[in-house]
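# Secondary and tertiary structure notes
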Amino acid sequence: MMMVRSTLLAGAFLAATFISNAQAEVLKGAVKTENIAWYGTWKGGLAEAQRTGRPILLVSGAPQCHNVPGVW
Amino acid sequence: MDRSFLANKDVVAASRKFVCIRLATYEDAAENEVLKGIFTMRSELQNTVFGILTPDGKTHIVRSGRSPAWAFGGQAGRGIHEQPLESMKKMGQTMEAIALAYPGKGKAAKGPLPLPYLADLRLALNVTAADRQPLVAVFAPDAAQRKAMERELSVVAWSEQFIGQAQYVSASDAKEFKAVKGVTVKTGFIVIQPGIFGLEGSVIQEISANAKAGELKKQLANALGQHKPNTLSYYEHRAAGVRAGKRWESKTPSTDNSSPRERIGRQRR
């Protein structure tokens, strides 16, 4: 049970961050939400941070819950 | 409105002054080592990692941990979806202060602004399903052609209208699309609707590889508007996946055995 809760809570941290409805606008009939634009690899992101001199916001999470994919 | 840290409007606004990197834990051995250099418990990589680093990636600017709550206060247990406003505000303010200390090179930065790629199509389908966003594949067998396509798409992807609205992956071989239904082109920008569980996808729209930024903007706006996000709740999604036998095998073993009680305890210390 502890493992179940552990995995659920870890996933919930990331899931909650990407299903926001903050600052809604219209994008061709769909609701647009303001989201963080993520680099998906360390190599790509670090190269961009070094190129631009901007600081790095880093998060990581496993894209599955109890081996069920499609959820953080 | 969701009140978690990384969806907070002040945090999102401040993030534009950062390079934001989100990795998939346990999917790449080299990235696992990077993450272990940022945060571990009992020397083991945890499912989730959070950090704010200097531009060289070497120095922690705030306390690293499993989530922003480790640096800015907040809930680590059942209340994780309802973080205190003061904690989120603190994160946004801290990021603004860090951005002042590290203003970047501005126009002096050399080289083109790259697309924020995911590692590969397999992972990209899963990540975009989890984010409930469309995926755009830059597909061309020829590396020079892909570079030219990336230059055009990058202008669009980082524009005010499109930033954070889709995710991107590079593909050089038609075989990479074996889990995507409806691919007909040999080169092009392929906008994909990820399946609910991110194990497959289907084509929303194919856009010519020769499309310039202006045309791409129009076509992409149309394609992204056709994306249909998963509407299941977190728990409904998990239950449906278990019932349907949908499984994801990470490329490296999970090493996260910590309990919520332990994590909360550590956070409070």
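Before going into details, it helps to say that this report is about the structure given with it. (Residues numbered from 1 in each chain as written. Chains lettered and ligands numbered in written order. Predicted model: local features only at pLDDT ≥ 70, side-chain atom pairs only at ≥ 80, totals over all residues. Heavy atoms only, no water.)

### Description of the sheet that holds strand β5 (residues 180–181) of chain B
Residues and elements named next belong to chain B. Our working definition: Whether two strands pair comes down to DSSP finding at least two bridges between them. A run of H or I in DSSP counts as a helix once it spans at least four residues, and a run of E counts as a strand once it spans at least two, with each numbered from the N terminus. In this analysis, two residues are considered to be in contact whenever any of their non-hydrogen atoms come within 4.5 Å of each other. Lines are fitted to the C-alpha atoms to define the axes, a helix being fitted only along its stretch in contact, and any angle between axes, read from their N-to-C directions, falls within 0 to 180 degrees.
Ordered in space as β4-β3-β6-β7-β5, the five strands form an open sheet in which the pairing is mixed. Strands with a single pairing partner mark the edges of an open sheet, and in this sheet they are β4 (167–171) and β5. Pairing geometry for strand β3 (residues 135–139) and strand β6 (residues 188–194), over five bridges, is antiparallel. Residue Leu135 lies in a different strand from β6, and its bridge partner there is Ile192. Those strands touched by helix α5 (residues 121–131) are β3, β4, β5, β6 and β7 (201–207), and its axis lies near 170 degrees from that of β4. Sitting on the sheet, helix α6 (residues 143–157) is in contact with β3, β4 and β6, with an inclination near 150 degrees to β3.

### Side note on the nonpolar core
Stated precisely, the cut-off is as follows: Only buried Ala, Val, Leu, Ile, Met, Phe, Trp, Tyr and Cys residues count toward a nonpolar core, and they belong to the same one when joined by side-chain atoms within 4.5 Å. For every residue, the accessible area (1.4 Å probe, protein chains only) is compared with the maximum for its type, and the residue is labelled buried under 20%, exposed over 50%, or partly exposed between those bounds.
Residues Leu153(B), Tyr168(B), Val191(B) and Leu220(B) are the most contacted members of the largest nonpolar core, which totals 24 residues. Counting residues per element, the ones that place at least two in this core are β3, α6, β6, β7 and α7 (213–225) of chain B. Of the residues forming this core, the biggest block, six residues, is contributed by α7(B). Here Tyr168(B) is in contact with Leu115(B), Pro116(B), Tyr117(B), Leu118(B), Leu135(B), Val136(B), Leu153(B) and Ala157(B), once residues within four sequence places are set aside. Core analysis: the next-biggest nonpolar cluster, separate from the first, contains 21 residues, Trp38(A), Leu6(B), Cys20(B) and Met88(B) among them.

### Some details on α7(B)
All names here are of chain B. So the rule is basically this: By this rule, a helix spans an expected 1.5 Å times one less than how many residues it contains. Throughout, the arc means that of the directions going from the helix axis to the C-beta atoms.
The end-to-end C-alpha distance of α7 is 18 Å, a good match for the 18 Å that 13 residues give at a rise of 1.5 Å each. Restricting attention to buried positions, one finds in α7 the residues Ala213, Leu216, Leu220, Ala221, Ala223 and Leu224. The buried side chains of α7 occupy one side of the element, clustering within an arc of 170 degrees when seen end-on.

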